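Coordinate inspection notes
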Amino acid sequence: MILEVLGNPYQYELEKLTRVFFPNEKIRVVFAQGAYPADETVCTAQIEADTARVSIQLDGQKWCKAERLAKEDDRELQLATLLFCGLQALTGYTPQWGLLTGIRPSKLLLTLQAEMGKEAAREYFTDRFFVSPQKTALTESVAARETAIIASSCPASCSLYVSIPFCPTRCSYCSFVSHAMTSDTAKKLVPDYVRLLCEEIKQTGAYAKQLGLRLESVYFGGGTPTTLSADELRRLLATVGEAFDLSAVREYTVEAGRPDTITREKLDALKSGGVTRISINPQTFNDAVLREIGRKHTAALTEEKFYEARNAGFRNINMDFIAGLPTDTVPSFCNSIDKALSLTPENITVHTLSLKRASNLGTHNTQIERAAGKAADEMLKYAYQSLTAADYNPYYMYRQSKTLGNLENTGYAKTGFECIYNIFMMEECHTVFAVGAGAVTKLKAPHGKEIERIFNYKYPYEYISGFAEMEKRKAAILPFYEKYGI
């Protein structure tokens, strides 16, 4: 399809909005008007003189509307609104998130609440952004809980992210940088990776101590960190304890996401190493769906490992689920949520399937994806109703591109068990030091909004071969803080 952007600089937002309606079509953006075949989908968004105009050609139908230009600050929203209304009229599809394409709706709502008050901000969401009342209410609930966690961070706070990009097998929906341990090449990388990761942790800890920063949360993610052996986990946890002052740490998470990687020896290693929160992620309690997505464990094994973690002393456990997995149905998904509630973990995170290019799943056509998006929406509604009724509060939310139905990912938690790392990282409350392959350190100005990023090499083999170069990159940490007199 063609997106003509004429006489305006709003290509990025207009393209993202068009993709909400046509998630799997290749969108060619052009900046000059042309002549196209009648069967070509063409969206034209134009500003000319004192007029904003959108015209759309789709499946033999045409839609066009022009308006007098609003004030300068509102022109992007005005043009996006015209495009949204035209696409909605021609496709018959109304996205639940309306015009919003950003990943953090709660951050936008908090900004609006500060500017105009809660009631006016709610109306702005529904009337100007066309966000559904349900999604607006979800955003308000998340924003209220985020506010308290954000306020608990101070200028001297920091967090640590440790990347373990290895998994026992690769799930079909996964787009993360992760090496399956079915490969001999991946297995051979692990010893050098762990050795150098320990070195980077030590170096990063030295910077944090020199700057007088207070470590408040630690998060081991991946991949699946528990793909490593118990000894390798002990070594990494001990290194973190030696490199950083852990006396102020409020939360220490390790993703033990794949039940088939969990053993009692590893759980004991995590517990003795100071870990306070783990994830055991079923994604679904339907064995047929697990096989479809390439998972080698059963639902029964997930339940077994959950109780094993409880017996090992873990009192803060998260479980992840994905709405819209291949072959899953609305009743099956609802059964998975019900099963999770019967186990009573402290956190339940509900994701929406996102079909990224790097995953193994094939893309759907638009009609199939809309049907899948409708089913995913029913799944999310059931999760929201069931979880909130059981006193799990939505506290964390973000959105990704290419999710079914343009829907969201939401973290629910019992009061007092919210994952503070998720908020600190997503809302950029303070510096997050990140170590390992694919990790991105985000340096946050102590009393301002400035963010500076330091990127590590993406793949484990690059991380190993380019380690000296990454050490040089991390040397930018001290000069960043020197600008602020630290």
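Values in this document were obtained by computation on a predicted structure and should not be read as measured data.

Focus on the packing of aromatic side chains
Counting across every chain of the model gives 19 aromatic pairs. Their ring planes at 20° and their centres at 6.2 Å tell us that Tyr161 and Tyr219 sit as a pair that is stacked. Here Tyr161 is found in strand E6 (residues 157–164), whereas its partner Tyr219 is found in strand E9 (residues 214–222), with 58 residues between them in sequence. By the burial criterion, Tyr161 is buried, and Tyr219 matches it. When the centroid spacing of 6.2 Å and the interplanar angle of 25° are considered together, the rings of Phe220 and Tyr252 count as stacked. Taken together, the residues Phe220 in strand E9 and Tyr252 in strand E10 (residues 251–255) connect sequence positions 32 residues apart. An aromatic cluster is present here, built from Phe21, Phe84, Tyr93 and Phe130 joined pairwise through their rings. Across the ring face of Tyr457, the terminal group of Arg473 is positioned such that the distance to the ring centre comes to 4.5 Å.

Quick word on the environment of Asn8
Inspection of the secondary structure puts Asn8 in the loop between strand E1 (2–6) and helix H1 (11–21). Through-space distance from the C-alpha of Asn8 to that of Gln46 is 6.7 Å; in sequence the pair is 38 residues apart. Setting aside anything within four residues of it in sequence, one finds Asn8 in contact with Leu14, Ala45, Gln46, Ile47 and Leu79. Within polar-contact distance, the side chain of Asn8 engages the backbone oxygen of Leu6 at 3.0 Å. One polar contact links the side chain of Asn8 to the main-chain carbonyl oxygen of Ala45, over a distance of 3.1 Å.

What to know about unusual backbone geometry
Residue Gly223 is bonded to the preceding Gly222 through a cis peptide linkage, with omega at 10°. Residue placement: Gly223 occurs in the loop between E9 and helix H7 (230–243). Positioned with a positive phi, Asp59 is a non-glycine residue whose angle comes to about 50°. With respect to the helices, strands and loops of the structure, Asp59 is situated in the loop between strand E4 (51–58) and strand E5 (61–68).

Some remarks on the environment of Met397
For Met397, the position within the fold is in strand E14 (residues 393–399). For Met397, a relative accessible area of 0% puts it in the buried group. Separated by 291 residues in sequence, Met397 and Ser106 have C-alpha atoms that sit 7.5 Å apart. When neighbours within four sequence positions are excluded, Met397 is seen to be in contact with Trp97, Ile103, Pro105, Leu138, Thr139, Val142, Glu146, Glu408, Asn409 and Thr410.

Quick word on the side chain of His430
Within the secondary structure layout, His430 lies in the loop between helix H13 (420–426) and strand E16 (431–435). A polar side-chain atom of His430 sits 2.8 Å from a polar atom in the side chain of Ser159.

A word on the packing of H7 against helix H8 (residues 264–272)
For the pair H7 and H8, interaxial distance at closest approach is 9 Å and the crossing angle is 5°. Put simply, H7 runs roughly parallel to H8. Contact with H7, carried on its side by Ala230, Leu233, Arg234 and Leu237, involves Glu265, Lys266, Ala269 and Leu270 of H8 and no other residues of that element. Partitioning the contact of H7 with H8 into residue classes produces five nonpolar, no polar and three charged.

Rules behind the numbers
Residues numbered from 1 in each chain as written. Predicted model: local features only at pLDDT ≥ 70, side-chain atom pairs only at ≥ 80, totals over all residues. Heavy atoms only, no water. Phe/Tyr/Trp six-rings, centres within 6.5 Å; stacked < 30°, edge-to-face > 60°. Helix = DSSP H or I, 4+ residues; strand = E, 2+ residues; numbered from the N terminus. Buried < 20%, exposed > 50% of the residue type's maximum accessible area, 1.4 Å probe, protein only. Lys NZ or Arg CZ within 6 Å of the ring centre and 35° of its normal. Contact = heavy atoms within 4.5 Å. Polar contact = N/O pair within 3.5 Å; in protein donor to acceptor, adjacent residues only side chain to side chain. Axes fitted to C-alpha atoms, helices over the stretch in contact; angles between N-to-C directions. Parallel < 35°, antiparallel > 145°, perpendicular 65-115°, else oblique. Nonpolar A, V, L, I, M, F, W, Y, C, P; charged D, E, K, R; others polar.

All we've got here are geometric facts, nothing functional implied.
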